[in-house]
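Here's the letter readout for the chains.
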Amino acid sequence: MFSTLKSFSRFSFNKLYVQSIVKCSSEVIQNATSQQQTAAQNVVQQTFGQPTPQTHSHLLKDGEIIPGIKVDEIKSRRNQLLEKIAKSAQERPFQSGAQVVILPSASKVYMSDKIPYVFRQNTEFLYFTGCQEPDSILVLIVNGNHFSSTLFMRYKDAHAELWDGPRTGTEAALSLFEVDHVLPVNEFERFLTSYLSENKSCTLWYDDEDIVQQDVHKKLNQLIRIYDTNKFNCPKALMHQIRLIKSPAEIKLMKKSCDVASAAIAKTIEISKPGMNEHELFAIVDYESRMQGAEFLAYPPVVAGGKNANIIHYISNNQIVNEKEMVLMDAGCEYHGYTSDITRTWPIDGKFTPYQKILYEIVLDVQKILIDKLKEMPSLDMVYHEMCYLLGKRLQEENLIPKNLSGNKLLAAAYSYCPHHVSHYLGMDVHDTPKISRSIRVQPGMVVTVEPGIYVNPKNQFAPPEFHHIGIRIEDDVLVQESGPLVLSENCPKEVDDIEALARKNQS
């Protein structure tokens, strides 16, 4: 943290608010201030647009804004972002004016008339606010030595809340989210217009590629044309640098997410038997995850029986799984905003065939080596290169790749059996922090997947017929530590004997 940050003073309400909303009457300002102060005194009696320690004491402890995450941690994240924005401005003289970060929340999305999809908050917005309500906007401002945060939210509305549930409203939000100011969301355009008119050299930090609120996006594009300000700077890379390293509280939530998904997958293996539909297995893992506290699955799961396992992102999940076939299940859950991503492959009848076992043991051995390699702090791309080499050598031993191949030809042959990367970052999103390259070395506090696989397509020129249609992947979620990697999904069985013993339990 910059040493000068300790001496940064907050904008007083009047200074920032009056400068930015010069057209507002003093009566509106006084009313807003009075209402927020009154609400802060009576916050215990309020209803909110999300769980709080007062309304959901079984989920949140005092001081938490989302389960397991304290509001102080959220504030610290905002400070880290503002530090990075300020540093970036110092390094670019042409951006020496005020820096304005605009971060919209998600909006509801509808599958058909009046029928919404389950709401999921924009990850960046949730990370920096803890707010789970739609149609909100966070504005962060760096102006010289002054930092400020303003949250724009919907009004309380008795009619709307009758249909869609409670809203936090602007009055109670000030103390709940501990930002500097809270304003009605319909004041956003006036706020920004006034601020730009007073600060013509300011720089707007806004992601104009991954658009989450179309109305906000249109307004911002209109304003930069009117005020001829610089083109948007995208803050996402800076945000992802912060999100990449998990705090102890985040690691605890990710461990719980992995425990829930591990138990759900293990139960699915235990219940499975020949003749079941892939959709039934999908239903079991979904049910078991939710019963242990997950909000929902983190992504549409792959439940691939038999040859369907050769389709990397198979999500149709509608085929019968027959005796002698395997199931490849790639599933994870979202637990209080943090995801897991686990893959297990098992024989539906409780016993690997000889050829299935050969390939399964190759994948398992390679995965263990790759997990152990994380103690060397390699890049994920280095881990991927190592996977291709190891798979190539092991497949040569089993005559799935000609023994005369070496170097790049060997790697290419291995790639024909495993055409996907072996790892990605994991966190609030399944493919987390995509602005972070997989070419950088991992650091303590990162969580990554390790997921080698073998997929034997009959069209593969090297593949012997007895291995055709076999598809296997084993995936675990791993915390990088100074002391060595920690497998967060270690409770999900993967040893051959353990998998077979579990899968035999429901055989008639």
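On a predicted model such as this, the values are computed, not experimentally measured, just so you know. (Residues numbered from 1 in each chain as written. Predicted model: local features only at pLDDT ≥ 70, side-chain atom pairs only at ≥ 80, totals over all residues. Heavy atoms only, no water.)

A. Region of the structure containing helix H15 (residues 496-503). Every buried residue of H15 is listed here: Val-496, Ile-499, Glu-500, Leu-502 and Ala-503. Here the buried residues of H15 occupy an arc of 165 degrees about the axis, which is enough to place them on one side. In this structure, the buried residues of H15 make contact with helix H10 (248-271), strand S15 (342-347) and helix H12 (354-373). (Buried < 20%, exposed > 50% of the residue type's maximum accessible area, 1.4 Å probe, protein only. Helix = DSSP H or I, 4+ residues; strand = E, 2+ residues; numbered from the N terminus. Arc of directions from axis to C-beta. Contact = heavy atoms within 4.5 Å.)

B. Molecular detail of the pattern of salt bridges. The final tally for this structure, using the stated rule, is 28 salt bridges. When the shortest N-O distance is used, the salt bridge between Asp-432 and Arg-243 registers 2.4 Å. Of this pair, Asp-432 sits in the loop between helix H14 (407-417) and strand S16 (447-450) while Arg-243 sits in helix H9 (residues 236-244); the two residues are 189 residues apart in sequence, bridging distant segments of the chain. Taking the shortest distance from any N to any O, the salt bridge between Lys-494 and Asp-476 comes out at 2.8 Å. Separated by 18 residues along the polypeptide, Lys-494 in the loop between strand S20 (486-487) and H15 and Asp-476 in strand S19 (residues 476-479) bring together distant segments of the chain. (Salt bridge = Lys/Arg side-chain N within 4 Å of Asp/Glu carboxyl O.)

C. Expanded view of the side chain of Thr-170. Its location among the elements puts Thr-170 in helix H6 (residues 169-177). With a relative accessible area of 5%, Thr-170 lands in the buried category. Side chain to side chain, Thr-170 and Glu-171 meet in a polar contact 3.4 Å long. (Polar contact = N/O pair within 3.5 Å; in protein donor to acceptor, adjacent residues only side chain to side chain.)

D. Representation of the pairing of strand S7 (residues 146-153) in the model. Among the eight residues of S7, seven are classified as buried, and the element is accordingly described as predominantly covered. Summarising the sheet, strand S6 (residues 137-143) and S7 pair through seven bridges and their orientation is antiparallel. Following the sheet pairing, Ile-141 is matched in S7 by Ser-148. Linking S6 to S7, which pair antiparallel, is a turn of two residues; within it Gly-144 sits at a positive phi near 65 degrees. Direction of pairing for S7 relative to strand S8 (residues 181-184): parallel, over a ladder of four bridges. Counted as the bridge partner of Phe-152 is Leu-183 from S8. (Pairing = 2+ DSSP bridges.)

E. Fine view of the packing of H10 against helix H11 (residues 278-291). Interaxial distance between H10 and H11 falls to 8 Å at its minimum, and their mutual angle equals 140 degrees. Viewed along their axes, H10 and H11 adopt a mutual orientation that is oblique. Between H10 and H11 lies a crossing of right-handed hand. Of the residues in H11, those touching H10 at Val-260, Ala-264, Ile-265, Lys-267, Thr-268 and Ile-271 are Leu-281, Ile-284, Val-285, Glu-288 and Ser-289. (Axes fitted to C-alpha atoms, helices over the stretch in contact; angles between N-to-C directions. Parallel < 35°, antiparallel > 145°, perpendicular 65-115°, else oblique. Left-handed = near helix turned anticlockwise from the far one by under 90°.)

F. Examining the sheet that holds strand S12 (residues 326-331) more closely. Pairing in this open sheet of three strands is antiparallel, and the strands run S11-S12-S15 from one edge to the other. Whereas interior strands pair on both sides, the edge strands pair on one side only; in this sheet they are strand S11 (302-305) and S15. Between one strand axis and the next, the sheet turns through 10 degrees on average, direction left out of account. Of the strand pairs in this sheet, S12 and S15 are connected by six bridges, and their pairing is antiparallel. The residue of S15 that forms the bridge with Ala-331 is Ile-342.

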